[in-house]
Amino acid sequence: MSTAMIEARGVGKRFGANEVLRGVDLDVGRSEVVCLIGPSGSGKSTLLRCINFLEAYDDGEVRIEGELIGYEKASDGKRRPMGARRLREMRREIGMVFQHFNLWPHMTALGNVAEPLKRVRKLAAGEAEERAMDMLKRVGLAEKAEAYPSRLSGGQQQRVAIARALAMQPRLMLFDEPTSALDPELVGEVLEVMRALATEGMTMLIVTHEMGFAAHVADRIAFIDQGRILEQGPPRQVFHESSEPRVRQFLQTYHDRNAF
Amino acid sequence: MHPQVILHSLGYLTQAAGVTLALSLAGIVLGFLVGAAACIARLSGRRWAAALGAAYVSIFRGVPLLVQLLFIYYFLAELGFNVPALVAAVGGLALASGAYQAEILRGALNAVPRGQSEAASALGFAPVDVWRRILLPQALRISIPPLINEFILLLKASSLVSVVGIAELTRVSMNIATMTYRPLEAYVGGGLFYLAINLCLSGIGLLAERRFGKAGAI
């Protein structure tokens, strides 16, 4: 049994004729923070969505703590989609935060965080709301508990979404461009929550365009282009010592922007 | 113009308005069940069920309600199925309205962003909870205005069931016109009742939108 939290081996994914992922290998260890960077359309988000099988990968394997997600061996030796119940059990342990928050607009902030605890963890209403309130406190939004998402800023909505995922006490967290839909001035509050989470030892896989955040918080950076991981390593190596021309070219724009 | 004709027939008209309202209410409620079933069939992903749902919608939206009513009442009788007038009327209204309501519901479900159910799936929700707690509450909220609109249309279309001999508002207005030789007054009276009921319905619709709109902005 491996102890890696996520092990992806030769992951391939096609949308029709479009090959989005071409044999991606990626490991994420316990308490490790890995940032996926790369140009738009490079397959970063698709890779992230394959980890919790929101997107069904076609080739290769994704293992969560050693267990294959999404498929199981059939008696004829081939693999078939895994049972829906087992997939749900695995997804419970994997928190996910989306670019567009995906809060449920017909529930309050507290309702959004408590709902999965009631439906999935089967907690009683009182207990669920108590834990939900604790989570909202943790992301600094206790006073917004009764507010509906439409009354919250983007940054607040994303923090509620993080609280919703955290309340489930996941073993790892996936972040799909969590700050890309935010006004620049609201990015900081979300990154602050994520930084705290990393410090507490949460395993995190983050698709992001926030290079500063990636450089400071990530243990490792993986650069994806055209469905392949071109380079991965500690931030210093990828950001400053890469010999890959594509990586240097991509990062040049960020260096330029920070020059003034 | 002799307004007293309307005043004298007020009792009949009120009673007939009650029949119209009851018929339409039964039609819209049963139609909702039929429509929901047709909508589920269309979205089920099973090819034969989807085809069946689509065929139902095309036929009952494509054939005039009057023709449907005449078909149910007269043609089925010819085949030996003696359908009581009331059953034919309510059944006809429900089947016709169900076709429209199926499309209203389908449109509303499609209007709920994909990320809504995706977030629930990622958290490990069972499909039944995704539907019950996430998709349906939002879809129903989106459908309130078009469903109220459909109710108003159905209430007016219910005048057609006079052809199977039910004493609803239009039929009774016709009778009053014949008996009093005052068609203008009789139809003005009937029309005012339709208008009054529909204004109430719009009001209820506005209240419902305001009540749910507070929480529901997407």
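Keep in mind the model is a prediction, meaning the values are calculated, not measured.

Colleague: I'm lost on the overall build of chain A in this one. Help?
Modeller: Secondary structure assignment for chain A yields nine helices and twelve strands. For chain A, the C-alpha radius of gyration of 19 Å lies close to 18 Å, the compact-globule estimate for 260 residues. The dimensions of chain A, computed from C-alpha atoms along their principal axes, are 60 × 55 × 35 Å. Going through the 260 residues of chain A one by one, you find that 55% of them count as buried. When the accessible area of chain A is evaluated, it comes to approximately 11500 Å², of which 45% is carbon and sulfur surface. Charged side chains of chain A number 36 positive and 36 negative; the gap between the two group centres comes to 4 Å.

Colleague: Whenever I open this one, the packing of helix 2 (residues 10–43) of chain B against helix 5 (residues 85–111) of chain B confuses me. Can you help?
Modeller: Any two packed helices are characterised by the angle at which their axes cross and by the distance between the axes. All names here are of chain B. Helix 5 packs onto helix 2 with a crossing angle of 45° between their chain directions and a minimal axis gap of 5 Å. One way to sum up the angle between helix 2 and helix 5 is to call them oblique. In this structure, helix 2 crosses over helix 5, and the sense of that crossing is right-handed. Its residues assigned to classes, the contact of helix 2 with helix 5 shows 19 nonpolar, six polar and three charged.

Colleague: Can you walk me through the interface of chain A and chain B in this structure?
Modeller: Interface extent is often summarised as the accessible area lost during association of the parts. Counting residues at the interface gives 24 residues for chain A, matched by 24 residues for chain B. Between chain A and chain B, the buried area comes to about 2000 Å², and carbon and sulfur atoms account for 59% of it. One can count two salt bridges joining chain A with chain B. For R49 of chain A, the salt bridge goes to E118 of chain B, with nearest N and O atoms at 2.7 Å. At the boundary of chain A and chain B, one finds six residue pairs in polar contact (both at pLDDT 80 or more). Listing elements by their share of the side of chain A that touches chain B, those giving two or more residues are helix 2 (84–92), strand 8 (94–97), helix 3 (109–119) and helix 5 (154–167) of chain A. Of the residues assigned to the side of chain A that touches chain B, the class counts are 13 nonpolar, four polar and seven charged.

Colleague: Help me understand the environment of L160 of chain B, please; the structure alone is not making it clear to me.
Modeller: Residue and element names in this part refer to chain B. Note that L160 resides in the loop between helix 7 (127–157) and helix 8 (169–180). Residue L160 is classed as partly exposed on the basis of its relative accessible area, which comes to 29%. Separated by 94 residues in sequence, L160 and L66 have C-alpha atoms that sit 6.1 Å apart. The residues contacting L160, other than those within four sequence positions of it, are L65, L66 and L69.

Colleague: I keep staring at a nonpolar patch on the surface and nothing clicks. Help me out?
Modeller: Residue and element names in this part refer to chain B. A contiguous nonpolar patch, built from I59, V63, L66, V67, L70, Y74 and V163 and spanning about 530 Å² of accessible area, is present on the exposed surface. Of the residues forming the nonpolar patch, the biggest block, four residues, is contributed by helix 4 (residues 65–78). Tracing the backbone through its elements, the reader meets V163 in the loop between helix 7 and helix 8.

Colleague: Got a minute to help me understand the environment of P105 of chain A in this structure?
Modeller: Relative to the assigned elements, P105 of chain A resides in the loop between strand 8 and helix 3. Note: C-alpha distance between P105 of chain A and S243 of chain A (138 residues apart in sequence) is 47 Å.

Colleague: I tried to follow helix 6 (residues 114–122) of chain B on my own but got confused; where do I start?
Modeller: Turn by turn, an α-helix covers 3.6 residues, leaving residues three or four places apart pointing in a common direction. Restricting attention to buried positions, one finds in helix 6 of chain B the residues G115, Q116, E118, A119, A120 and A122 of chain B. At its buried positions, helix 6 of chain B is contacted by helix 1 (44–51), helix 2, strand 8 and helix 5 of chain A together with helix 7 of chain B. Just downstream of helix 6 of chain B lies G124 of chain B, where phi reads positive at about 95°.

Colleague: What's the story with the pairing of strand 8 of chain A in this structure? I'm lost.
Modeller: Look at any regular strand and the pattern is simple: side chains alternate between the two faces of the sheet. Residue and element names in this part refer to chain A. Neither face of strand 8 is exposed, since I94 and M96 on one face and G95 and V97 on the opposite face are all buried. The pairing of strand 8 with strand 9 (residues 172–176) spans four bridges and is parallel. Bridged to M96 within strand 9 is L174.

Colleague: Got a minute to help me understand the packing of aromatic side chains in this structure?
Modeller: Two descriptors summarise a pair of aromatic rings, namely the distance from one centre to the other and the angle between the planes of the rings. Residues and elements named next belong to chain A. If you walk through the whole model with that rule in mind, you get eight aromatic pairs over all chains. Arranged with centres 5.5 Å apart and planes meeting at 90°, the rings of F53 and Y57 form a pair that is edge-to-face. Ring geometry for F223 versus F250: centroids 5.2 Å apart, planes at 65°, classification edge-to-face. Of this pair, F223 sits in strand 11 (residues 220–225) while F250 is found in helix 9 (residues 245–257), placing the two residues 27 residues apart along the sequence.

About the thresholds
Residues numbered from 1 in each chain as written. Chains lettered and ligands numbered in written order. Predicted model: local features only at pLDDT ≥ 70, side-chain atom pairs only at ≥ 80, totals over all residues. Heavy atoms only, no water. Helix = DSSP H or I, 4+ residues; strand = E, 2+ residues; numbered from the N terminus. Rg over C-alpha atoms; globule rule 2.2 N^0.38 Å. Buried < 20%, exposed > 50% of the residue type's maximum accessible area, 1.4 Å probe, protein only. Areas by Shrake-Rupley, 256 points an atom, 1.4 Å probe, with all protein chains shown as cover. Lys, Arg positive; Asp, Glu negative; His and termini not counted. Charge placed at Lys NZ, Arg CZ, Asp CG, Glu CD. Axes fitted to C-alpha atoms, helices over the stretch in contact; angles between N-to-C directions. Parallel < 35°, antiparallel > 145°, perpendicular 65-115°, else oblique. Left-handed = near helix turned anticlockwise from the far one by under 90°. Nonpolar A, V, L, I, M, F, W, Y, C, P; charged D, E, K, R; others polar. Contact = heavy atoms within 4.5 Å. Buried area = accessible area lost by both parts, 1.4 Å probe. Salt bridge = Lys/Arg side-chain N within 4 Å of Asp/Glu carboxyl O. Polar contact = N/O pair within 3.5 Å; in protein donor to acceptor, adjacent residues only side chain to side chain. Patch = residues over 30% accessible without salt bridge, like charges linked within 9 Å, V, L, I, M, F, W, Y side chains within 5 Å. Pairing = 2+ DSSP bridges. Phe/Tyr/Trp six-rings, centres within 6.5 Å; stacked < 30°, edge-to-face > 60°.

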